[in-house]
2 protein chains.
Amino acid sequence: MVRAPRRGPYVCGIDAALDVVSGKWKGAILWELHAHGVRRFAELRRGLPGVSEKMLARHLREMEKDGLVCREVHAEVPPRVEYSLTGHGRTLDQALGPLGVRGAERMRREGSEEGVVDVAEAVDVAGPSRG
Amino acid sequence: MVRAPRRGPYVCGIDAALDVVSGKWKGAILWELHAHGVRRFAELRRGLPGVSEKMLARHLREMEKDGLVCREVHAEVPPRVEYSLTGHGRTLDQALGPLGVRGAERMRREGSEEGVVDVAEAVDVAGPSRG
DNA sequence: CCGCATCCTAGAAGATACTG
DNA sequence: CAGTATCTTCTAGGATGCGG
C-alpha cells in the first residue's frame, strides 16, 4: 500500500480532504480527467501505467461516491462508460494545482535517483488546460 | 530496517506532491505545526489522539527529509526537540488550505455517520492563524 | 523526554479468471 | 469493453520494550 486510506475520524479538514485522494492512483486519475475532460475506462487504464482493473474500478467508485467524478453509462452493445470531473472534482483539482507545481519539482529531483515516468513532461504537470 | 516509503515512479506532479503527505498523520502534523508554529514532540503527540511514538517519529523524519518541517534539537538534560514548518512546509500548507475548507465540509457530513473529533470545531479548520 | 528497534496485524494493492 | 470475484503479496501502521 502506498497511501493510508481510511474513513476514520479526522483530526482536521486537511486530514479529511487528503483522505478523499488517498489511494495510489487517485491523484493520477484526477490529473487524467482534468487533462482530458472525459475519459473511458480503458483510456484511463492506459493512462495509468501499472494500474489493475480492480484498483481503477474501486478508486473510480470511491471518487464517484465522494462526488469527485461523474460516471456516465451508455447502454450500447459495446459497453461504454465515460468518466469526468464534477464541479466538486474540479475544485479539488484546482486546489491541488499548486501541489502539482511543487510535486513536479520533486519529480525532477527524486526522479534522478529513483526513476520517474516522463509522461509528465508531455504536458503541464501543474494542471494542463484541456484545450 | 524500515524500507523507505515507496517513492515510486510518479505519474504526475499531483501524484508526487500527494506522496509527500501520504501517511495517516502527516496532514494533521502539518495542521498542528501550522496552528501552533512550534511544537515539541510530546505536544504533537497529545495533539494527535491515537498516534504512536513510532509513527509520529517516522512521519516527522520523513517530513524533515522532504524539507517540510524543521527539527531543532536542544542538547539539554531533559531532551527537548522542537518542530516547526519550513518555508517549503508553509507553502505546502497554504496549497492545502482550500482542501481544508472542503475537508471541513466533508467532516460535517461524514462525521454524522462515522464519528469525528470535534477539535476541528475549536479552530478554523481551513488554516488557523497562529495568533 | 525523545525516539529507535522488533514483532505482528489489517487491509491496500496486484494478478488472474470470469461474467454481462 | 466494463466490471466483479478470488487469491496472494506487500507494507503502513499499531503494540511493546529498550537506549540515549
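Residues numbered from 1 in each chain as written. Chains lettered and ligands numbered in written order. Predicted model: local features only at pLDDT ≥ 70, side-chain atom pairs only at ≥ 80, totals over all residues. Heavy atoms only, no water.

- As annotated in an unreviewed UniProt entry, chain A carries the name Winged helix-turn-helix transcriptional regulator and comes from Streptomyces incanus.

### Overview of the interface of chain B and chain A
Then comes step 1: Facing 48 residues of chain B, the contacting portion of chain A comprises 49 residues.
Then comes step 2: Here chain B is connected to chain A by zero salt bridges.
Then comes step 3: Per-element tally for the side of chain B that touches chain A: the top contributor is helix H5 (residues 87-114) of chain B, with 16 residues.
Then comes step 4: Classifying every residue of the side of chain B that touches chain A by side-chain character gives 27 nonpolar, ten polar and eleven charged. (Contact = heavy atoms within 4.5 Å. Salt bridge = Lys/Arg side-chain N within 4 Å of Asp/Glu carboxyl O. Helix = DSSP H or I, 4+ residues; strand = E, 2+ residues; numbered from the N terminus. Nonpolar A, V, L, I, M, F, W, Y, C, P; charged D, E, K, R; others polar.)

### Regarding the relation of the copies chain B and chain A
Then comes step 1: Relative to chain A, chain B is turned by 180° and slid 0.0 Å along the rotation axis, the superposed coordinates differing by an RMSD of 0.1 Å. Expressed as an axis order, the relation between the two copies is that of a two-fold axis. The rotation axis passes nearest to the C-alpha of Ala95 of chain B in chain B, at a distance of 3.3 Å.
Then comes step 2: Same-surface contact between copies: 94% of interface residues of chain B are shared with the interface of chain A. (Least-squares fit on C-alpha atoms with pLDDT ≥ 70 in both.)

### Re the protein's contact with DNA strand C
Then comes step 1: The environment of DNA strand C is made up of 21 residues, and the closest members are Lys24 and Lys54 of chain A together with Phe41, Arg61 and Arg71 of chain B.
Then comes step 2: Of all atoms in DNA strand C that approach within 4 Å of the protein, 70% are sugar or phosphate atoms.
Then comes step 3: In this structure, Ala42 of chain B approaches DNA strand C through a main-chain N or O atom, which is 3.2 Å from a phosphate oxygen.
Then comes step 4: Within the contact set of DNA strand C, a sugar or linking oxygen lies 3.5 Å away from a backbone nitrogen or oxygen of Pro79 of chain B.
Then comes step 5: Those elements that provide at least two residues to the surface near DNA strand C are helix H4 (53-65) of chain A together with helix H3 (41-47), helix H4 (53-65) and strand S3 (80-85) of chain B.
Then comes step 6: The biggest single contributor to the surface near DNA strand C is H4 of chain A, with four residues. (Near = heavy atom within 4 Å. Polar contact = N/O pair within 3.5 Å; in protein donor to acceptor, adjacent residues only side chain to side chain.)

### Remarks on the environment of Ile14 of chain A
Residue and element names in this part refer to chain A.
Then comes step 1: Here Ile14 is to be found in helix H1 (residues 13-20).
Then comes step 2: In this structure Ile14 comes out as buried when scored by relative accessible area, which is 2%.
Then comes step 3: Sequence separation of Ile14 and Ser52 is 38 residues, and the distance between their C-alpha atoms is 28 Å. (Buried < 20%, exposed > 50% of the residue type's maximum accessible area, 1.4 Å probe, protein only.)

### Quick word on helix H1 (residues 13-20) of chain B
Then comes step 1: A large share of H1 of chain B lies buried, amounting to eight of its eight residues.
Then comes step 2: Those residues of H1 of chain B lying buried are Gly13, Ile14, Asp15, Ala16, Ala17, Leu18, Asp19 and Val20 of chain B.

### Digging into the sheet that holds S3 of chain B
Residue and element names in this part refer to chain B.
Then comes step 1: What the three strands build is an open sheet, ordered S1-S3-S2; its pairing is antiparallel. Lying at the two open borders of the sheet, with one neighbouring strand each, are strand S1 (38-40) and strand S2 (69-74). Each strand axis lies, on average, 25° off the axis of its neighbour in the sheet, ignoring direction.
Then comes step 2: Looking at chain direction, S1 and S3 are connected through three bridges and run antiparallel. By the bridge assignment for S3, Val38 is matched with Ser84.
Then comes step 3: Docked against the sheet, helix H2 (residues 26-36) engages S1, S2 and S3, running at close to 95° with respect to S3. (Pairing = 2+ DSSP bridges. Axes fitted to C-alpha atoms, helices over the stretch in contact; angles between N-to-C directions.)

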